[in-house]
Amino acid sequence: MNTTFKVLLGMGLGIIVGLIINLTGANASGTWANNYLTNGVFYVVGTMFVNALKMLVVPLVFFSLVTGVCGIGDIKMLGRIGSKSFFLYLFTTAMAIASALLIASSIGIGEGMNAESAVSFDGKASPPLSTVLINIIPSNPISAMAQGDMLPVIFFSIMFGVSILMVGKKALVVSDFVESLNEIMMKMVTIIMAVAPYAVFCLIARAIADLGMDLLAQLLGYVLVLIGVLLFHLFVTLQLVLKVLSGLSPITFMKKMRNTQVFAFSTSSSNATIPVTLRAVTKRLGVKNSVASFSVPFGATINMDGTAIMQGVATVFIANIYNVELGMLGYLTVILMSVLASIGTAGVPGVGLIMLSMVFAQVGLPIEGIGLILGVDRLLDMIRTAVNVSGDAVVSVVVAKSEGQFNQEVYDDPDAGNATDQPLEKHSVA
């Protein structure tokens, strides 16, 4: 069995086992299943796997970005890649939140529903845009790496790579050393991926076992609309962007991204999925490492299409429940805040709820309304993350195609990158 089939099998078995534990009540507090399965084996194995992926993120981003910048060899090209990626990410995020507001308001989810929040949620104040911009430049790059602050790490990595280019021949030994370290990190990705099917089983089984069916039924309308908008963005909006701007086959793209989407679904973390996304974009989709090493970690940091969709649907849902009229100004405020909030937001599980509290505060909705959707957010967070990493890959392909840093043969080859035991190589430009 190939890795994709193993992962899908692990996910399917995890859903079945999780449903059995949940529906039979075996996951009640203090029971054997709760102590030794969901909060024991499932929790330990799943958390170890996610931690192993996160362990790779900072060194992988640093080495890949420095290698990518040095591989570009042209500072002007680096500026083009960065600006194209940035505006495409903002464009897709704005499209995502706009479609979410339009569809959710048209359907009218939450209207006539008299529900009270049974769960408290303490919203954390989001820093102003000025603070976000200031924090992009790290006062201590080592501290930024230790804390996993991706925007400062990306900034320092780019500056380091640009400086190597400017120094020239004297810095060749440094660039060669960093390139070797990048290959080592990719081999570590291959090693960790070997245990992925078992970890995915544990992650999914625990999430389903903990998810209450009563709350899921109560919020069925919200869940269905949110999933529908997410799928619409994934299968329609992103694929139109890919087709119109690159002319490539969306069907081929979806087939080759399937494995990465499953990983993103199981981890609920764009940052933790960076190693997998980077591997798929370069080895499966034919994007040259000089572009992918910048666009993928950059996208995991600022591209939050799925989270923006959640904010739009949740805002309409809570506004209807509490009979708050948002109006056109309210909708525009939600779009603006969602796009701005996506910049500098960590790609980790549950961060969307913190961003949502900021949006609610701006449009005058009670933050305690977040407690209504808290119970189902974990499952929906999985789908959102799969959409996020797909958006990262679409932008990477479009930018690479426009810059001539793309291998058409690799993209068209259905078996390209299937061998999990091969290190990541730099593809020649078609």
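Observations concerning the packing of aromatic side chains
Right, so step 1: For the structure shown, the criterion picks out 12 aromatic pairs.
Right, so step 2: Measuring from centroid to centroid gives 6.0 Å for Trp32 and Tyr36, while their planes differ by 35 degrees, and the two rings are tilted. Taken together, the residues Trp32 and Tyr36, both in helix 2 (residues 32-72) and 4 residues apart, mark about one turn of the helix. Across the pair, Tyr36 and Trp32 agree in class, each one exposed.

Re the nonpolar core
Right, so step 1: Judged by nonpolar contacts, the single largest core of 113 residues is most densely connected at Phe49, Tyr222, Phe253 and Val313.
Right, so step 2: The dominant element in this core, judged by the number of residues it contributes, is helix 2, at 13 residues.
Right, so step 3: Those residues in contact with Val313 that sit more than four places away from it in its chain are Ala100, Ala104, Ile109, Tyr222, Val225, Leu226 and Val229.
Right, so step 4: Judged by nonpolar contacts, the second largest core, of 5 residues, contains Ile21, Cys202, Ala205 and Ala209.

Comments concerning the environment of Asn303
Right, so step 1: By the element assignment, Asn303 lies in the loop between helix 13 (289-302) and helix 14 (305-321).
Right, so step 2: Remark: the alpha-carbon pair of Asn303 and Thr92, spanning 211 residues in sequence, is separated by 8.2 Å.
Right, so step 3: Discounting residues that sit within four places of it in the chain, Asn303 has contacts with Tyr89, Thr92, Thr93, Phe298, Asn388, Gly391 and Asp392.
Right, so step 4: A polar atom in the side chain of Asn303 sits 2.8 Å from the side chain of Asp392.

A short note on the side chain of Thr67
Right, so step 1: Locating Thr67 in the fold gives a position in helix 2.
Right, so step 2: By relative accessible area, which is 5% here, Thr67 ends up buried.
Right, so step 3: Among the polar contacts made by the side chain of Thr67, one reaches the main-chain carbonyl oxygen of Phe63 at a distance of 2.7 Å.

Digging into a nonpolar patch on the surface
Right, so step 1: Taken together, Leu231, Phe232, Phe235, Val236, Leu240, Val244 and Leu245 make up a surface patch of nonpolar side chains, about 640 Å² in accessible area.
Right, so step 2: Tracing the sequence through the fold places Leu231 in helix 10 (residues 220-246).

Looking at the confidence of the model for the protein chain
Right, so step 1: Per-residue confidence for the protein chain averages 80 on the pLDDT scale, and 83% of its residues sit at or above 70.
Right, so step 2: Segment residues 115-124: pLDDT under 50, and 22 contacts once partners within four positions in sequence are set aside and those in other chains are kept.
Right, so step 3: Counting contacts from residues 420-430, a segment whose pLDDT is below 50, to residues more than four positions away or on other chains yields 32 contacts.

Examining the packing of helix 3 (residues 75-107) against helix 14
Right, so step 1: Relative to each other, helix 3 and helix 14 sit at 25 degrees, their axes nearing to 8 Å. If you check the angle between helix 3 and helix 14, you find them roughly parallel. Considering how the two elements wind past one another, helix 3 and helix 14 form a crossing that is right-handed. Where helix 3 approaches helix 14, its residues Tyr89, Thr92, Thr93, Ala96, Ile97, Ala100, Leu101, Ala104 and Ser105 are matched on the opposing element by Asp305, Ala308, Ile309, Gln311, Gly312, Val313 and Val316.
Right, so step 2: Considering only residue class, the contact of helix 3 with helix 14 consists of 10 nonpolar, 5 polar and 1 charged.

Thresholds, definitions, all that
Residues numbered from 1 in each chain as written. Predicted model: local features only at pLDDT ≥ 70, side-chain atom pairs only at ≥ 80, totals over all residues. Heavy atoms only, no water. Phe/Tyr/Trp six-rings, centres within 6.5 Å; stacked < 30°, edge-to-face > 60°. Helix = DSSP H or I, 4+ residues; strand = E, 2+ residues; numbered from the N terminus. Buried < 20%, exposed > 50% of the residue type's maximum accessible area, 1.4 Å probe, protein only. Core = buried A, V, L, I, M, F, W, Y, C linked by side-chain atoms within 4.5 Å. Contact = heavy atoms within 4.5 Å. Polar contact = N/O pair within 3.5 Å; in protein donor to acceptor, adjacent residues only side chain to side chain. Patch = residues over 30% accessible without salt bridge, like charges linked within 9 Å, V, L, I, M, F, W, Y side chains within 5 Å. Areas by Shrake-Rupley, 256 points an atom, 1.4 Å probe, with all protein chains shown as cover. Salt bridge = Lys/Arg side-chain N within 4 Å of Asp/Glu carboxyl O. pLDDT = per-residue confidence, 0-100. Axes fitted to C-alpha atoms, helices over the stretch in contact; angles between N-to-C directions. Parallel < 35°, antiparallel > 145°, perpendicular 65-115°, else oblique. Left-handed = near helix turned anticlockwise from the far one by under 90°. Nonpolar A, V, L, I, M, F, W, Y, C, P; charged D, E, K, R; others polar.

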